[in-house]
Every structure is written in C-alpha cells, then in structure tokens.
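As a plain string of letters, each chain reads:
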Amino acid sequence: AVLLCEVLEHCIDVPAAIAEMHRILRPGGRLIIIDKNKSRLASWPGGIPEWEQWFDCEALAAQLRGQGFDIAAMDADVSYEGRKDGLFFGITAKKK
C-alpha cells in the first residue's frame, strides 16, 4: 500500500507522481490519499498558499481512474488532524 497524507498537494507533476505510485504497486495494491479539498478554498483565509495545490476530489478520482486505478472509497469530508470541516478529503484506490 501507498499512503499519502498531505503529500500530493506539494508535487510539482501530479500525473507523474500518480504514474510512479501505479508503477510501484502490485496489481490490487492500495493507494490511500488524504489531502486538501479545493471546494473549501472559498472560506479559507488568504487562499491557497503558493507552495500548495488543492484538489477537487471528483477530478482527482477521475485522474486516478485514467491512470489505471479503481476507486474503492471516497469521502469529501474526512476526519483528519482532529477536524471534520470539509478541509480534507480521502480517496482509497486499487491498482487494476
């Protein structure tokens, strides 16, 4: 399994990072992502910091599907770091 907690937001080339995770996982291997939810941006003071990128949960799931993953679970408001206010989403994907 590969676990990414607030990692993907710092990747310069997200498709390349996803391709590398796909490469290292065996078939049926799990990819678990917890990251920041772009839909929460409207209420975030100061917007997205310049060193981060936030994601639309559905769009990232589509990108994962397009790069050889099946989506096993998705939560647009995952409880993380003691908060459940829409800031974080979670995706569990399985390599085809």
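Worth saying up front: this structure is predicted, and the values here are computed from it rather than measured.

A. Layout of the pattern of salt bridges. Under the counting rule described, the total for this entry stands at seven salt bridges. A salt bridge links lysine 36 to glutamate 9, with the shortest nitrogen-to-oxygen separation between them at 3.0 Å. In this pair, lysine 36 is assigned in strand E2 (residues 30-36) and glutamate 9 in the loop between strand E1 (2-5) and helix H1 (14-24), connecting sequence segments 27 residues apart. For lysine 36, a relative accessible area of 8% corresponds to the buried category. Each of Glu6, Glu9, Lys36 and Glu52 takes part in salt bridges that share partners, so that together they form one network.

B. Structural view of the packing of H1 against helix H2 (residues 57-66). As a packed pair, H1 and H2 sit with axes 10 Å apart at the nearest point and diverge in direction by 50°. Here H1 is positioned oblique relative to H2, judged by the angle of their axes. Crossing angle aside, the handedness with which H1 passes H2 is right-handed. Residue-level contacts link Val14, Pro15 and Ile18 of H1 to Leu60, Gln63 and Leu64 of H2. For the contact of H1 with H2, the per-class residue count stands at five nonpolar, one polar and no charged.

C. Quick look at the pairing of E2. Across the seven residues of E2, five count as buried, placing the element largely inside the fold. As judged from the four bridges shared by E1 and E2, these two strands associate in the parallel manner. Counted as the bridge partner of leucine 3 is isoleucine 32 from E2. In the sheet, E2 pairs with strand E4 (residues 88-95) via seven bridges, with the strands oriented antiparallel. Opposite isoleucine 32, over in E4, you have threonine 92 as the bridge partner.

D. Expanded view of the sheet that holds strand E3 (residues 69-75). Pairing within the open sheet is mixed, and its four strands lie in the order E1-E2-E4-E3. A strand with exactly one partner marks an edge of an open sheet, and here the two such strands are E1 and E3. When the angles between neighbouring strand axes are averaged without regard to direction, this sheet yields 15°. Lying on the sheet, H2 is in contact with E2, E3 and E4; it crosses E3 at an angle near 160°.

Scoring rules and cut-offs
Residues numbered from 1 in each chain as written. Predicted model: local features only at pLDDT ≥ 70, side-chain atom pairs only at ≥ 80, totals over all residues. Heavy atoms only, no water. Salt bridge = Lys/Arg side-chain N within 4 Å of Asp/Glu carboxyl O. Helix = DSSP H or I, 4+ residues; strand = E, 2+ residues; numbered from the N terminus. Buried < 20%, exposed > 50% of the residue type's maximum accessible area, 1.4 Å probe, protein only. Axes fitted to C-alpha atoms, helices over the stretch in contact; angles between N-to-C directions. Parallel < 35°, antiparallel > 145°, perpendicular 65-115°, else oblique. Left-handed = near helix turned anticlockwise from the far one by under 90°. Contact = heavy atoms within 4.5 Å. Nonpolar A, V, L, I, M, F, W, Y, C, P; charged D, E, K, R; others polar. Pairing = 2+ DSSP bridges.

Interpretation in functional terms is not warranted from these geometric data alone.
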